[in-house]
Amino acid sequence: MHARSLVNCITRHVPAATAALALVLALAPSAQAQRGGAPDPNRPVTSRAPGFELLGPATGGRVASVAGVIGDTTTWYIGSASGGVWKSTDGGHRFMPVFDSMAVQAIGALAVAPSNPNVVWAGTGEAWAVRDADIIGDGVYKSDDGGKTWKNMGLRETGRIARIIVNPGTPDIVYVCALGRLTAPQQERGVYKTTDGGKTWRRVLFVDENTGCSSLAMDAKNADVLYAGAWQVAMHPWAELSGGTGSGIYKSTDAGEHWTRIEDPGLPKAPVGKVAVAVAPTNPNRVYALMQTATQGSLWRSDDAGAHWTVVSHARDLIGRGGYYIHLVVSSGNADEVIVSSSSVWLSQDGGKTFRTVPWGGDNHDIWMDPRDPDHFAITNDAGARLTMTHGRTWNNVAIANGQVYHVALDHQIPYWVYGNRQDDGTFRGPSSGAEQGAAA
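Residues numbered from 1 in each chain as written. Predicted model: local features only at pLDDT ≥ 70, side-chain atom pairs only at ≥ 80, totals over all residues. Heavy atoms only, no water.

Help me get a handle on the overall build of the protein chain, residues and values and all.
Across its full length, the protein chain carries three helices and 32 strands. Out of the 441 residues belonging to the protein chain, those deemed buried represent 54%. On the protein chain, roughly 19,200 Å² of surface is accessible, and the fraction owed to carbon and sulfur atoms is 53%. (Helix = DSSP H or I, 4+ residues; strand = E, 2+ residues; numbered from the N terminus. Buried < 20%, exposed > 50% of the residue type's maximum accessible area, 1.4 Å probe, protein only. Areas by Shrake-Rupley, 256 points an atom, 1.4 Å probe, with all protein chains shown as cover.)

Below, the structure is given as structure tokens:
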């Protein structure tokens, strides 16, 4: 359970003695009644309605998505796995929730329109799929005022949205990479496109009812060229069955209107699991694909815009626990620099041939990098997010009040104490009143 959900499920319990005293006072005749006769039995009883308040813990939970603003190091949006969208306007020192009034709170993808930073998109339903209890969304949302207000723009049955790309020249052209609900075959998955700012949508890539879109990338020099990663997966209470003939890489050269599956002997043979794709911003002929396989490799590279591929790394750590990880970006300043988010952050500076871990976080998920400034990027993880303006030499660690709490219990003290356990962050206990003490059990 999310800490913000904890706000919505625990009220201030009035001790029994206090409640009894309140009842006696409410029923006692007033001095006015004693002097002027019996009280009116129809007089409405006035009392303060039960309310909710944050009890803690004030520690971070999983942040599933992040988006910055090109050329602006002060404005950030982060999407919680189960706690909505948060915004900062001071370089990430303070984040405020801006999505609480919406119907769902699981945020799978975020995107800011490059041509208008007031236009922000949020795709719901977490796409880092590791268990069938992950929260499903209800489509895609849009804000035209920098996150102040939001409107659901449809695609309500897509379940989980993994990526959103806004055309750099116009905010009206948007692509949505829909993974699907994963629990059963469905039609509402694949790549969707709008040319009117979300008023209408067309599904432009559909592999089959068992395969969704797990990744989407656009050529920074030609917005008509897109690559999509397709993932065949089924999620059951007893297992996540990842892999099949549907998984693969697809390419479009006409702004998503038509797609061709990339078939090359250099790519792994089916079955293949989750797929992530990335295009080097400085060299659109350089394309990378991180692919979940059993023994065939981990990272593939093309140097001719996807026509031919070569496996460049067999490092298993790049694709471990694939459903929960498998994401990469290419530096906006160097086609040979690749960042992979996994249980650790992996960095290659030789085109993917070798990788080393860097101390940029653990259990990592989304990455956003400024297309114009490779020093300005962010990485999200199970404990929050990390923001840098110095290419990882220094970091601003973000932990918002969205701790994911699995169980909640109360004791019988007066005032009572609250107990719970958190996603990847241990158990906790604390009083129901007073300042948070940070005690742990």
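And the narrative resumes.
Would you mind going over the packing of aromatic side chains in detail, with residue names and values included?
All told, the structure shown has eight aromatic pairs when counted by the stated rule. When the ring of F99 is compared with that of W150, the centres are 5.2 Å apart and the planes differ by 80°; the resulting orientation is edge-to-face. Residue F99 is found in the loop between β4 (96–97) and β5 (107–112), and its partner W150 is found in the loop between β7 (140–143) and β8 (151–152); the two are separated by 51 residues along the sequence. For the pair F99 and W150, a shared accessibility class is recorded, and that class is buried. With a centroid separation of 5.2 Å and an interplanar angle of 55°, the aromatic rings of Y324 and Y325 are classed as tilted. This pair shows no difference in class: Y324 is buried, exactly as Y325 is. An aromatic cluster is defined as three or more aromatic residues linked by ring pairs; in this entry it consists of F99, Y141 and W150. In this arrangement the basic side chain of R203 is found over the ring face of F206, its NZ or CZ atom lying 3.9 Å from the centre. (Phe/Tyr/Trp six-rings, centres within 6.5 Å; stacked < 30°, edge-to-face > 60°. Lys NZ or Arg CZ within 6 Å of the ring centre and 35° of its normal.)

Kindly report on the sheet that holds strand β1 (residues 63–69), identifying the contributing residues and their values.
Across the sheet, four strands lie side by side as β1-β2-β3-β4; this open sheet has antiparallel pairing. The open sheet has two edge strands with one neighbour each: β1 and β4. Pairing between β1 and strand β2 (residues 72–80): six bridges, direction antiparallel. Bridging across to β2, G68 finds its partner in W76. (Pairing = 2+ DSSP bridges.)

I'd love a proper account of the pattern of salt bridges, names of residues and values included.
For the structure shown, the criterion picks out twelve salt bridges. A salt bridge links R62 to E126; the nearest nitrogen and oxygen atoms lie 2.6 Å apart. Note that R62 is positioned in the loop between α3 (31–36) and β1 and E126 in the loop between β6 (120–124) and β7, a separation of 64 residues in sequence. Taken as a pair, R62 and E126 share a single burial class, namely buried. Put simply, D366 and R163 hold a salt bridge, and the shortest N to O gap is 2.9 Å. (Salt bridge = Lys/Arg side-chain N within 4 Å of Asp/Glu carboxyl O.)

Can you break down the sheet that holds strand β31 (residues 417–422) residue by residue, with the values?
Pairing is antiparallel across the open sheet formed by three strands, whose spatial order is β30-β31-β32. Lying at the two open borders of the sheet, with one neighbouring strand each, are β30 (405–410) and β32 (427–431). The mean inter-strand angle of the sheet, taken between neighbouring strand axes irrespective of direction, is 20°. Here β31 pairs with β32 via five bridges, running antiparallel. From the neighbouring strand, V418 faces β32, where its bridge partner is G430. (Axes fitted to C-alpha atoms, helices over the stretch in contact; angles between N-to-C directions.)

Break down the environment of G197 for me, citing the residues and quoting the values.
Among the secondary structure elements, G197 is positioned in the loop between β11 (190–194) and β12 (202–205). Sequence separation of G197 and M153 is 44 residues, and the distance between their C-alpha atoms is 8.8 Å. The residues contacting G197, other than those within four sequence positions of it, are W121, K142, M153 and D172. (Contact = heavy atoms within 4.5 Å.)

Hey, could you go over the pairing of strand β26 (residues 364–370) for me, with residue numbers and the actual values?
Regular strands show a simple pattern: their side chains alternate between the two faces of the sheet. Of all seven residues in β26, seven are buried, a share of seventy percent or more. As defined by bridge partners, β26 adjoins strand β27 (residues 373–381) across five bridges and the pair is classed as antiparallel. Note on β27: the bridge partner recorded for N364 is N381. In this structure, the hairpin formed by β26 and β27 is closed by a connection of two residues.

An account of the side chain of T388 is needed here, citing residue identities and associated values.
Locating T388 in the fold gives a position in strand β28 (residues 384–388). Judged by its relative accessible area of 0%, T388 falls in the buried class. Polar side-chain contacts of T388 include one of 3.0 Å to the backbone nitrogen of T390. At 2.8 Å, the side chain of T388 and the backbone oxygen of T394 are in polar contact. Those residues in contact with T388 that sit more than four places away from it in its chain are D375, H376, F377, R393, T394 and W395. (Polar contact = N/O pair within 3.5 Å; in protein donor to acceptor, adjacent residues only side chain to side chain.)

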